[in-house]
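Here is how the chains run, residue by residue.
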Amino acid sequence: MLEIIYEQPPFISEAREIFRLPEGVIFTWGKKIFNPSHKAIDEPLFKHEECHSKQQGEYPDVWWSRYLKDIDFRLSQEIPAYQIQFKSAKEFIKDKNKLNTYLISLASDLSGQMYGSIMSFSDAFEAIKREQLYEFKTEMYN
């Protein structure tokens with residue numbers, strides 16, 4: 001189980017140099033979710049962060065170092081996390097219009113400045129709604 005910490009993560013200075021961080025952003029470091037603004041974390045968002053925890057494994061410091069520097073690696077880590085988040089949301093949101101609005105919001109986040117505009121909105125939209133989970137062949141340590 002992930003522990004929620006109501007503080008800034010240890011790498012916040014480096015993250016602020018690279019990203020435009022919106023109010024309420026949360027970060028996962030290993031088995032901890034850093035939530036300095038006390039944002040409500042619903043089940044789909046929790047699943048997204050749980051995915052990052054699994055991606056990081058026993059080496060969150062190595063993962064974050066690469067994530068902050070390598071745009072392709074960042075994308076390879078975010079697409080599956082957003083797919084898992086959307087799949088989880090589909091269990092709770094039964095109205096198709098509300099679900100589409102949620103998908104638009106996720107695609108806007110993934111394609112936006114928070115991640116350094118790493119992909120277009122339409123590519124993010126299509127990637128997130130894809131049923132099959134993207135599996136990227138990346139080595140964390142190269």
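Given the structure is predicted, the values throughout are model-derived calculations rather than measurements.

**Q** Any details on the overall build of the chain? Residues and values, ideally.
**A** Scanning the chain for helices and strands turns up six helices and three strands. The N-to-C order of helical and strand elements in the chain reads β-α-β-β-α-α-α-α-α. For the chain, the C-alpha radius of gyration of 14 Å lies close to 14 Å, the compact-globule estimate for 142 residues. Dimensions of the chain along its principal axes, counting C-alpha atoms only, are 40 × 30 × 25 Å. Taking the contacts inside the chain whose residues are at least 6 apart along the sequence as the reference set, 63% of them involve residues at least 24 apart. Accessible area of the chain: about 8,300 Å², with a carbon and sulfur share of 50%.

**Q** Could you give an account of the environment of Ala-40, naming the residues involved and the relevant values?
**A** Mapped onto the elements, Ala-40 comes out in the loop between β3 (32-34) and α2 (43-56). Look at Ala-40 and you get exposed, because its relative accessible area is 67%.

**Q** Account for the sheet that holds β3, naming residues and giving values.
**A** If you trace the three strands from one edge of the open sheet to the other, you get β1-β3-β2, paired in mixed fashion. In this open sheet, the two edge strands, each paired with only one partner strand, are β1 (3-5) and β2 (27-29). Within this sheet the neighbouring strands show an average axis-to-axis angle of 30 degrees, counted without direction. Relative to β3, β1 runs parallel, the two being bridged by three bridges. Looking at the pairing, Ile-4 lines up with Ile-33 of β3. α2 contacts β2 and β3 of the sheet and is inclined by roughly 35 degrees relative to β2.

**Q** Lay out the nonpolar core with the relevant residues and their values.
**A** Judged by nonpolar contacts, the single largest core of 32 residues is most densely connected at Tyr-67, Leu-110 and Ile-128. Within the residue set of this core, elements represented by two or more residues are α1 (12-18), α3 (60-69), α4 (71-92), α5 (96-111) and α6 (121-129). Once residues lying within four places of it in the same chain are set aside, the contact partners of Leu-110 are Glu-78, Ile-79, Tyr-82, Tyr-115, Ile-118, Met-119, Ala-124 and Ile-128. Among the nonpolar cores identified, the runner-up in size contains five residues, and Ile-26, Ile-33, Leu-45 and Phe-46 belong to it.

**Q** Could you give me a rundown of the packing of aromatic side chains, with the residues and numbers involved?
**A** Taken as a whole, this structure holds 11 aromatic pairs when the rule is applied. Judged by centre distance (3.9 Å) and plane angle (25 degrees), the ring pair of Phe-11 and Trp-64 falls under stacked. Of this pair, Phe-11 sits in the loop between β1 and α1 while Trp-64 sits in helix α3; the two residues are 53 residues apart in sequence, bridging distant segments of the chain. As far as the burial class goes, Phe-11 and Trp-64 line up, both buried. Ring geometry for Trp-63 and Phe-73: centres 6.2 Å apart, planes at 70 degrees, overall edge-to-face. In this pair, Trp-63 sits in helix α3 while Phe-73 sits in helix α4, placing the two residues 10 residues apart along the sequence. The pair formed by Trp-63 and Phe-73 is uniform in burial state, with each residue classed as buried. Each residue in the set Phe-11, Phe-19, Phe-27, Trp-29, Trp-63, Trp-64, Tyr-67 and Phe-73 is aromatic and connected to the rest through ring pairs, giving one cluster. Sitting over the face of the ring of Tyr-67, Arg-74 holds its NZ or CZ atom 5.7 Å from the ring centroid.

What counts and how
- Residues numbered from 1 in each chain as written.
- Predicted model: local features only at pLDDT ≥ 70, side-chain atom pairs only at ≥ 80, totals over all residues.
- Heavy atoms only, no water.
- Helix = DSSP H or I, 4+ residues; strand = E, 2+ residues; numbered from the N terminus.
- Rg over C-alpha atoms; globule rule 2.2 N^0.38 Å.
- Contact = heavy atoms within 4.5 Å.
- Areas by Shrake-Rupley, 256 points an atom, 1.4 Å probe, with all protein chains shown as cover.
- Buried < 20%, exposed > 50% of the residue type's maximum accessible area, 1.4 Å probe, protein only.
- Pairing = 2+ DSSP bridges.
- Axes fitted to C-alpha atoms, helices over the stretch in contact; angles between N-to-C directions.
- Core = buried A, V, L, I, M, F, W, Y, C linked by side-chain atoms within 4.5 Å.
- Phe/Tyr/Trp six-rings, centres within 6.5 Å; stacked < 30°, edge-to-face > 60°.
- Lys NZ or Arg CZ within 6 Å of the ring centre and 35° of its normal.

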